[in-house]
Amino acid sequence: MENDTSKPSSSKQSIDNLKTSGLERRLSIAKTSLNIGRRWAGNSVSGMFLGKEARSKRNQAFMEAQANYVAEELGKLKGSVVKIGQMLAMYGEHILPPEITRALQTLNDDTATLAWPKIEYTLQQTLGDKLNELEVDPVPIGTASLAQVHRATVLATGEQVVLKIQYPGVADAIDSDLALFKRLLKVSNAVPQTRALDAWFEEIRDLLHVEVDYAVEAATTERFYGRLQDDPRYAVPKINRHYSSKRLLCMSYESGVPVTSEKLQSLSAERRNAIGQAAIEIMMREIFVWGEMQTDPNFGNYLVRINSNENEIDKLVLLDFGAIRQFDNTLLTIARNLLRAGYYHDHQAMMESMVGYDFFNTMSNKVKSDIASLFLLATEPFSLPATNPDIPADCLDSQQRYIWANSKLHSRISAAATQAIQSFEFNLPPKEFMFISRKFIGAYTFLTVINAHTDSNRLVKPFL
């Protein structure tokens, strides 16, 4: 969720209320489902006399239109319905048709704001008399599917804080929203109703119930604050417990510019390299040292605080610790072995690293070999240039650092994965691997956008 120093836009549409009651949301979904049913009937009748190829093209176009319609209607509801759609888009490419995935990717946090009187009433209900101790800016600096963020001043001290205010009724609507979302997918005939889909909905349910519990997020933020407070490369908000509760989070205001800011792009190459190195290193520490990872790679969860003195360190600001996932030691050991195999670009070691995990044990040697090749490609930026002849020549600078902007790594991995998936002898990769792969893809995109060059030796050696 962005928390930058630019003036928030007041032109964004404002709504007076949210459809958070079960009845309102059921009616809205029922109307959407009815319209989808009518569309399917119309499409079936009008396509009866078409040839096979023409019907196939028509059905694909129709599926695209259906998916976009579903996403558009969901986007009007806010709350966990939007978050469910975003999570499925992020992690569900193995179980959803591409048309649905593309449409769900359009669901945007940056939608209409909830009008200030409703937010103020929510604050009064949550804080009581303590609200009088704060001067809250009625114009939000950030909106999301589950909450809205406002700047505030603690009147007694002048401290600048932000309030992450959960939309009323959102937490109570999660289970019914999941049921409504599944029903909508079923009515649209867009997604096969499989055990894999059920398993993902259960995973999303668990993640959402954690994400709406701000007491958990406050504790997680404090853990990361403690881990990083002495590292000048990072800034983590400090939780203000006096004004925080299960549905309201108060923390220090942390200034910075978005990852896509022109100010960031105009920095010298070495300063951008340092920011990129810090960004990828924090991910490595999350996975390989702390065993808990922020799973949402959204750029809005990061800012960069550019130092006015070019000789001083720029800070990476880490903003959101709601979507945290813990990993067990077995998985972390396997991940570390995979990283080591990638570092030395060793195909045989990569295959051996897969032993002991049920997901890999069921594969034939041919498929395991294909997966090992895919992992070697994915770990290209972390490999020693001296041992990896497959790194494209234009992806290394004169100091043998990896040039992210030249790598086209995301598209190369996607192409290789698509090819490998065709021969997979399983239904769905483990959720843990999908979380980690998404995190890596987010980091890859971050480093590509800021055009960073990173040193694999510095990145990987400490974690082997």
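Read on for a plain summary of the structure. (Residues numbered from 1 in each chain as written. Predicted model: local features only at pLDDT ≥ 70, side-chain atom pairs only at ≥ 80, totals over all residues. Heavy atoms only, no water.)

Comments concerning the pattern of salt bridges
Alright, step 1. Per the counting criterion, the structure on display carries 19 salt bridges.
Alright, step 2. Between Lys164 and Glu217 there is a salt bridge; the shortest N-O distance is 3.1 Å. A residue pair is termed long-range when its members are at least 10 positions apart, and Lys164 in strand S6 (residues 160-166) and Glu217 in helix H8 (residues 214-228) qualify at 53 residues. Glu217 shares its class with Lys164; the two are buried.
Alright, step 3. Here Glu222 ties to Arg241 by a salt bridge, and the two come within 2.8 Å at their closest N and O atoms. Taken together, the residues Glu222 in helix H8 and Arg241 in the loop between strand S7 (234-235) and strand S8 (248-252) connect sequence positions 19 residues apart.
Alright, step 4. Classification of Glu222 as partly exposed rests on a relative accessible area of 33%.
Alright, step 5. Among the charged side chains, a salt-bridge network with shared partners connects Asp231, Arg233, Glu281 and Arg285. (Salt bridge = Lys/Arg side-chain N within 4 Å of Asp/Glu carboxyl O. Helix = DSSP H or I, 4+ residues; strand = E, 2+ residues; numbered from the N terminus. Buried < 20%, exposed > 50% of the residue type's maximum accessible area, 1.4 Å probe, protein only.)

A few points about the packing of aromatic side chains
Two aromatic rings are characterised by how far apart their centres lie and by the angle between their planes.
Alright, step 1. As enumerated under the stated definition, the model contains nine aromatic pairs in all.
Alright, step 2. Centroid distance Phe224 to Phe321: 4.7 Å. Interplanar angle 35°. Geometry classified as tilted. Placement of the pair is Phe224 in helix H8 and Phe321 in the loop between strand S11 (315-318) and strand S12 (324-326), with a sequence separation of 97 residues.
Alright, step 3. Judged by its relative accessible area of 0%, Phe224 is buried.
Alright, step 4. Summarising the aromatic geometry, the rings of Tyr343 and Tyr344 are spaced 4.9 Å apart at their centres and angled 70° between planes, so their arrangement reads as edge-to-face.
Alright, step 5. Classification of Tyr343 by relative accessible area gives buried; the value is 1%.
Alright, step 6. Sitting over the face of the ring of Tyr253, Arg151 holds its NZ or CZ atom 3.6 Å from the ring centroid.
Alright, step 7. Taking the ring centre of Phe224 as reference, the NZ or CZ of Arg227 above it sits at 4.9 Å. (Phe/Tyr/Trp six-rings, centres within 6.5 Å; stacked < 30°, edge-to-face > 60°. Lys NZ or Arg CZ within 6 Å of the ring centre and 35° of its normal.)

Overview of the sheet that holds S7
Alright, step 1. Judged by pairing direction, the sheet is mixed, and its three strands sit side by side in the order S7-S11-S10 without closing on themselves. Either end of the sheet is taken by a strand with one partner, and the two such strands are S7 and strand S10 (302-305).
Alright, step 2. Sheet analysis places S7 next to S11, joined by two bridges and oriented parallel. Across the sheet, residue Ala235 finds its bridge partner in S11, namely Val317. (Pairing = 2+ DSSP bridges.)

Examining the pairing of S11
Alright, step 1. Bridging between S10 and S11 involves four bridges; their strand directions are antiparallel. Considered in S11, the bridge of Val304 is made with Leu316.

Remarks on the nonpolar core
Alright, step 1. In terms of nonpolar packing, the biggest core is built from 106 residues, with Leu123, Leu163, Leu318, Phe360 and Phe382 touching the most fellow members.
Alright, step 2. For this core, the element with the highest residue contribution is helix H10 (residues 269-290), accounting for 10 residues.
Alright, step 3. Apart from the residues lying within four places of it in its own chain, the contact partners of Phe382 are Ile280, Met284, Leu339, Tyr343, Phe440, Tyr444, Ser456, Leu459 and Val460.
Alright, step 4. Counting residues in each nonpolar core, the second largest holds 10 residues, with Ala147, Ile239, Leu249 and Met251 among its members. (Core = buried A, V, L, I, M, F, W, Y, C linked by side-chain atoms within 4.5 Å. Contact = heavy atoms within 4.5 Å.)

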